[in-house]
Amino acid sequence: ERFEKIDKLAARGKNIDIPEGDRPRLERFKAAWAMAIVYRADAQYEEFLALELPDDLDFYFGDGRDSGDPVRERAYRDEIMKREASIKQLAIFVDRKARLGQAAGKHYAEVKQTGSAEWMLVGAARTASLYQLFADQLDRAKLPARVRSAGQVEAYCKAMAKYAQPIADQAI
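These figures come from a predicted structure and were not determined experimentally. (Residues numbered from 1 in each chain as written. Predicted model: local features only at pLDDT ≥ 70, side-chain atom pairs only at ≥ 80, totals over all residues. Heavy atoms only, no water.)

Caption draft 1: A look at the overall build of the protein chain. Helix and strand counts for the protein chain come out as five helices and zero strands. When the helices and strands of the protein chain are listed from N to C terminus, the series reads α-α-α-α-α. Expected size for 172 residues packed as a compact globule is a radius of gyration near 16 Å; at 23 Å, the protein chain overshoots this value by more than 25%. Each principal axis of the C-alpha atoms in the protein chain carries an extent, and together these give about 85 × 25 × 20 Å. (Helix = DSSP H or I, 4+ residues; strand = E, 2+ residues; numbered from the N terminus. Rg over C-alpha atoms; globule rule 2.2 N^0.38 Å.)

See the structure below:
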């Protein structure tokens, strides 16, 4: 709350009286303002980090379709249903995590208005790390317990990579 108040006051220029020739004081002011913005964004960054990947995803489906074997065909239908539910669950997670990351990134970008070079670098680094951590979370996700076969592992890794690579590209 305190950082929000500092940010609002500084953005409006209200009650700020820094003599023109007092460069050190101006730089300290810029740094304090920028720090307030970064610390506010860090609260969103923490929320972003806390959001965990669902742990029961399964993207595999076998070749039991039209096999003539009712047991295999039923297993195939179950696999398709699990896969569709997992795709939906992953999409919801990615969307929510992306929104949290974008909100934090937007606030880190606001540091530019302060003119504090040091804190602009902090904001840029945090923004890049948001995307990199997000991509790493998908790329290095622990395999769910029910993912056992080579086909399941391959399907899981492909599904994660589909989302991870575009996010990693944004970190660069």
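Having seen the model, we can carry on.
Caption draft 2: Representation of helix α4 (residues 117-139) within the structure. Spanning 23 residues, α4 covers 33 Å between terminal C-alpha atoms, matching the ideal 33 Å at 1.5 Å per step. Taken as a whole, α4 has its buried residues at Trp119, Gly123, Thr127, Leu130, Phe134, Ala135, Gln137 and Leu138. Those residues of α4 that are buried are in contact with α2 (23-50), α3 (70-109) and α5 (150-171). (Expected span 1.5 Å × (residues − 1). Buried < 20%, exposed > 50% of the residue type's maximum accessible area, 1.4 Å probe, protein only. Contact = heavy atoms within 4.5 Å.)

Caption draft 3: Quick look at α3. Taking 1.5 Å of rise per residue, 40 residues should cover 58 Å, and α3 covers 57 Å from first to last C-alpha, within 8% of that figure. Along α3, the residues that are buried comprise Tyr76, Ser86, Leu90, Phe93, Val94, Lys97, Leu100, Gly101, Ala104, Gly105, His107 and Tyr108. At its buried positions, α3 is contacted by α2, α4 and α5. Where α3 starts, the residue carrying a side-chain oxygen 3.1 Å from the main-chain nitrogen of Val71 turns out to be Asp69. (Polar contact = N/O pair within 3.5 Å; in protein donor to acceptor, adjacent residues only side chain to side chain.)

Caption draft 4: Representation of the nonpolar core within the structure. Judged by nonpolar contacts, the single largest core of 33 residues is most densely connected at Leu53, Phe59, Leu90, Phe93, Leu138, Tyr156 and Met160. Contributions of two or more residues to this core are made by α2, α3, α4 and α5. Setting aside its immediate chain neighbours within four residues, Leu138 contacts Leu53, Leu90, Phe93, Val94, Met160, Tyr163, Ala164 and Ile167. (Core = buried A, V, L, I, M, F, W, Y, C linked by side-chain atoms within 4.5 Å.)

Caption draft 5: Looking closely at the pattern of salt bridges. For the structure on display, the rule yields seven salt bridges. Connected via shared salt-bridge partners are Arg23, Glu27 and Lys30. (Salt bridge = Lys/Arg side-chain N within 4 Å of Asp/Glu carboxyl O.)

Caption draft 6: Region of interest: the packing of aromatic side chains. Within this structure, the stated rule accounts for seven aromatic pairs. Relative to Tyr76, the ring of Phe61 lies with its centre 6.1 Å away and its plane at 75°, an arrangement referred to as edge-to-face. Taken as a pair, Phe61 in the loop between α2 and α3 and Tyr76 in helix α3 lie far apart in primary sequence, 15 residues in all. Clustering of aromatic rings is evident, with ring pairs tying together Phe48, Phe93 and Phe134. Across from the ring centre of Phe48, 4.4 Å away, lies the NZ or CZ of Lys97, which sits over that ring. (Phe/Tyr/Trp six-rings, centres within 6.5 Å; stacked < 30°, edge-to-face > 60°. Lys NZ or Arg CZ within 6 Å of the ring centre and 35° of its normal.)

Caption draft 7: Up close: the environment of His107. Here His107 is to be found in helix α3. C-alpha separation for the pair His107 and Arg40, spaced 67 residues apart in sequence, amounts to 7.9 Å. Discounting chain neighbours no more than four positions away, the residues touching His107 are Ile37, Arg40, Ala41 and Gln44.

Caption draft 8: Seen up close, the packing of α4 against α5. Contact geometry for α4 and α5: axes closest at 8 Å, N-to-C directions at 165°. It follows from the interaxial angle that α4 and α5 lie roughly antiparallel. In the packing of α4 onto α5, the handedness of the crossing is left-handed. Counted together, Ala128, Tyr131, Gln132, Phe134, Ala135, Leu138 and Asp139 of α4 and Met160, Ala161, Tyr163, Ala164, Ile167, Ala168, Gln170 and Ala171 of α5 form the full contact between these two elements. Per-class residue counts for the contact of α4 with α5 are 12 nonpolar, two polar and one charged. (Axes fitted to C-alpha atoms, helices over the stretch in contact; angles between N-to-C directions. Parallel < 35°, antiparallel > 145°, perpendicular 65-115°, else oblique. Left-handed = near helix turned anticlockwise from the far one by under 90°. Nonpolar A, V, L, I, M, F, W, Y, C, P; charged D, E, K, R; others polar.)

Read these as geometric descriptors, not functional statements.
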